[in-house]
Amino acid sequence: MRIMKFGGTSVADSSAISKVCQIITDRSRDEDIHVVTSAIGGVTDSLLEAAQYAADHDSHYETILTEIRDRHISIIKELIPVKLQSNVLAGFQDDFNKLEDALTGVYLIRELTNRTLDFVMSFGERFSASILSQVLASRDVPSDYVDARSIIRTDDTFQSALVDLPETQKRICDYFKDRKSVQVVTGFISSTEKGETTTLGRGGSDYTASILAQALGADAIEVWTDVDGVLTANPKSVPTAFSIPEMTYEEAMEMSHFGAKVIFPPTMRPAMQAGIPIVIKNTFNPEHPGTWISSKRNDTQYTVRGLTSITGNALITIKGSGMVGVTGVASRIFTSLARKNINVILITQASSEYAVCLAVQDSQAEAARRALEAEFERELADERVSDVTIENQMAIIAAVGDKMRRTPGIASQVFGALGQNGINIVAIAQGSSELNISVVINQSETDKALNALHNEFFLAGTKTLHLFQVGTGLIGGTNLELLARQAEKLRREYQIDIRVSGLTNSRKMLFNIDGISLENWEQELDEQGEKSDMDTFIRRVEHHNLSNAIFIDCTASDEVSSLYDRLLDANISVITPNKKANSSEYAYYKKLHDITLKRRVKYLYETNVGAGLPIIENLRHMVGTGDEIYKIEGVLSGTLSFIFNSFDGSRPFSQIVREAQEKGYTEPDPREDLNGMDMGRKLLILAREAGYQLEPKDIEIENLVPEEAREQGDIDHFFKVLEAHDEDFTRKVQEARSEDKLLRYVAKFEDGKGRVALEKMDRDHPFAAIQGSDNIVVITSRHYEDRPLTVIGPGAGAYVTSSGVISDILKIGRYG
């Protein structure tokens, strides 16, 4: 025999009640069942609201009553056959008149006692159970309506009555003896020995089911709701949450205490005492197995069973040297708060005994402070207690699991996952049972913390990365193309789930926390995007406060690069091919790196030099292992590499430059390549990575743009001026040839000085061997003095640059 309890969402309307009836019908064919039901969803709140209006002598209570009546009548007419409706409607109206009379009395005398309120609130369950019973009967399922006031006896503590279990169990056994039909029992309500209506408080309907199950020796209690059992986390906060097949009573109670809407812990006590399993099922997905809660400890692949949170808390700290070694301080704290009916959710104390921290609801924080200040008035006056402080808007996150007590390193995982996402832990608590670890954090970080911990404990190493990309041009568009191509492989082989949660260009911006389509991003951005504004985009990124958030800058914008410090300070990692930040003033470069150390976030820019070539990474490793960099030389521009690899004097220099432009090697204005500034920035970045504190002015640059075309004129004017200088460039290449050398535009850093210039190179020099648009870097150091480290390969192009960006994403995904 089983007890089936249906919550308010399960009987919210005629459609839901039909599903409940089908579940009961199917189950009653195979085994004996009895049913406990809550009020129709939202009705209990409406009754409470109506009672309060009536007590305030506000006739609006009548409007609420009309809505309640109409809602129930509508359900009766939709579910009960026409020929049976008159009796059912008459019975409902008779009960409704009693409710109406009660509230009219409250309205007239302007008084609402807890006793009267219990009577008023009882009608929700009375209406729903009566209707459900009669719908079942109309579908040929033998059933009886049971008013629980006749079988559950309590004291007269109205609103939260204490059950007389011996008397109640006797009444239940006497009533159910020899009854074979389905008994539909009102949840939540009960009565005193004098017949006064009482209610069982929070979770009352679950408690009713638990009491019935214990008295009748049921095989199990099924609690039917609107979710597939107990989930690993709140799915509204953690989209990847999934149902837990099995858990212990202790685990369920721990999760419930810390905010999970599983089942109210006190209501589980009768079931626990009798060893009766509780099954959490979904009315709207009855085939799902749900969650089985029992005393049995089942092995699981996960060390943590579930994550839960409570928001709207305040952390109160009482501290002072006068508390150290003094007996009874904790007792005085709890007693003073208990006198004011203030519930302590969490308490933690350091071994020094200097301070005690406790969490209460925000709404009770000031009352708690006043109570503590009154209790410790003398100690505060003598400064033995320094002060009582409040931190509002805090959240408690709890990781719960029976397996935690046998597994070392759980605390390290919790702290590591939160720390990597820049989430500050304000307080920590763990009981000696090791069944849970609780941390107090700022409430605004709740969802971020839950997702970070869920990734850590439940996704088998899978890490969800939330990307926010600026720029959808050549590099940005190619980056999205490669991500779309590689997304499934990254998820399957690297356990990295890529989600582009924000995207913007110069025209529009779009956000989707679950991920913008990598295949249809252009259409989504165009159709769903709003007008682009960089400050708004950054504020939205900060506001979403997602775990493992990465900002990707695929622009060459000074405005965007000037925002990196703000992003990093908000614990958002930054990946960028944009060289502007790292080649600006040294103070800004250093500031960015200082923030990354402070916030433990990543600032990656491998593509600043050499596109996808591992130049910066190798240089960092050399410096990090104690190597000393003597010299850096390189051809660091794919554009200038192509131009001087192609220019041998047989064709005019201007023609080679025009060809490079046509092939897309140059910027739209070739002067931005020929002026040498791009290579100067790259050399400056490499010198800084080598440990030198250089400013942009410290790099000497030979500008290849004729002086009369540098500051004025359009591109056509530039080419006309360049053509006039073709002979100058031809003469230079001929001079180099006469010395059996080649011309290369070279960046060189040595002895603390940097220079970018056109140089003659021996034909056996590594720079002479590069082809096309290849880049090359040669690093001479203490460890690489006889045979310098050489990196060579494609140093320009959308695909190699985007590959470098994705490589940086992988670094964060795998090691971040």
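The rules behind each value
Residues numbered from 1 in each chain as written. Predicted model: local features only at pLDDT ≥ 70, side-chain atom pairs only at ≥ 80, totals over all residues. Heavy atoms only, no water. Helix = DSSP H or I, 4+ residues; strand = E, 2+ residues; numbered from the N terminus. Contact = heavy atoms within 4.5 Å. Core = buried A, V, L, I, M, F, W, Y, C linked by side-chain atoms within 4.5 Å. Buried < 20%, exposed > 50% of the residue type's maximum accessible area, 1.4 Å probe, protein only. Pairing = 2+ DSSP bridges. 1 Å grid on protein atoms, 1.4 Å probe; cavity = no way out; pocket = protein on both sides within 12 Å on 5 of 7 lines; lining within 4 Å. Points joined across faces, edges and corners; volume = space filled by probe spheres on them. Nonpolar A, V, L, I, M, F, W, Y, C, P; charged D, E, K, R; others polar. Polar contact = N/O pair within 3.5 Å; in protein donor to acceptor, adjacent residues only side chain to side chain.

**Re the side chain of threonine 607**
So, point 1. Position of threonine 607 relative to the elements: it lies in the loop between strand 23 (603–604) and helix 21 (615–624).
So, point 2. When residues no more than four places from it in sequence are discounted, the contact partners of threonine 607 are Thr576, Pro577, Thr801, Gly804 and Val805.

**Let's talk about the nonpolar core**
So, point 1. Judged by nonpolar contacts, the single largest core of 87 residues is most densely connected at Ile24, Leu99, Leu103, Leu132, Ile151 and Ile278.
So, point 2. If one sorts the elements of this core by residue count, helix 5 (residues 114–138) sits on top with ten residues.
So, point 3. Within the second largest apolar cluster, 75 residues are counted, among which are Met509, Ile632, Ile656 and Leu704.

**Thoughts on the pairing of strand 21 (residues 549–553)**
So, point 1. With five of five residues buried, strand 21 is to be regarded as a mostly interior element.
So, point 2. Two strands pair when backbone bridges link them, and strand 17 (residues 463–470) and strand 21 are joined in this way by five bridges, in the parallel orientation. In the sheet register, valine 470 faces strand 21, and the bridge partner there is aspartate 553.

**Some words on empty space enclosed by the protein**
So, point 1. In total, this model carries two cavities of 30 Å³ or more according to the counting rule given.
So, point 2. The calculated volume of the largest cavity comes to roughly 140 Å³.
So, point 3. The wall of the largest cavity is formed by 17 residues, among which Gln420, Asn421, Asn548, Ser573 and Ile812 lie closest to the centre.
So, point 4. Considering only residue class, the lining of the largest cavity consists of six nonpolar, seven polar and four charged.
So, point 5. For the second largest cavity, the calculated volume is near 30 Å³.
So, point 6. In terms of lining, the second largest cavity is formed by Val11, Ile17, Ile40, Ser128, Ile131 and Leu132.
So, point 7. A total of three residues in the lining of the second largest cavity trace back to one element, the largest contributor, which is helix 5.
So, point 8. Residue composition of the lining of the second largest cavity, grouped by class: five nonpolar, one polar and no charged.

**As for the side chain of threonine 478**
So, point 1. In this structure, threonine 478 sits in helix 15 (residues 474–493).
So, point 2. A distance of 2.6 Å separates a polar side-chain atom of threonine 478 from the backbone oxygen of leucine 474.
So, point 3. The residues contacting threonine 478, other than those within four sequence positions of it, are Gly473, Ala798, Tyr799 and Ser802.

**Section: the sheet that holds strand 17**
So, point 1. Strand order in this open sheet of seven strands is 20-19-18-17-21-22-23, and the pairing throughout is mixed. The open sheet is flanked by strand 20 (530–531) and strand 23, the only strands paired with a single partner.
So, point 2. Summarising the sheet, strand 17 and strand 18 (residues 496–504) pair through eight bridges and their orientation is parallel. Following the sheet pairing, leucine 465 is matched in strand 18 by isoleucine 498.

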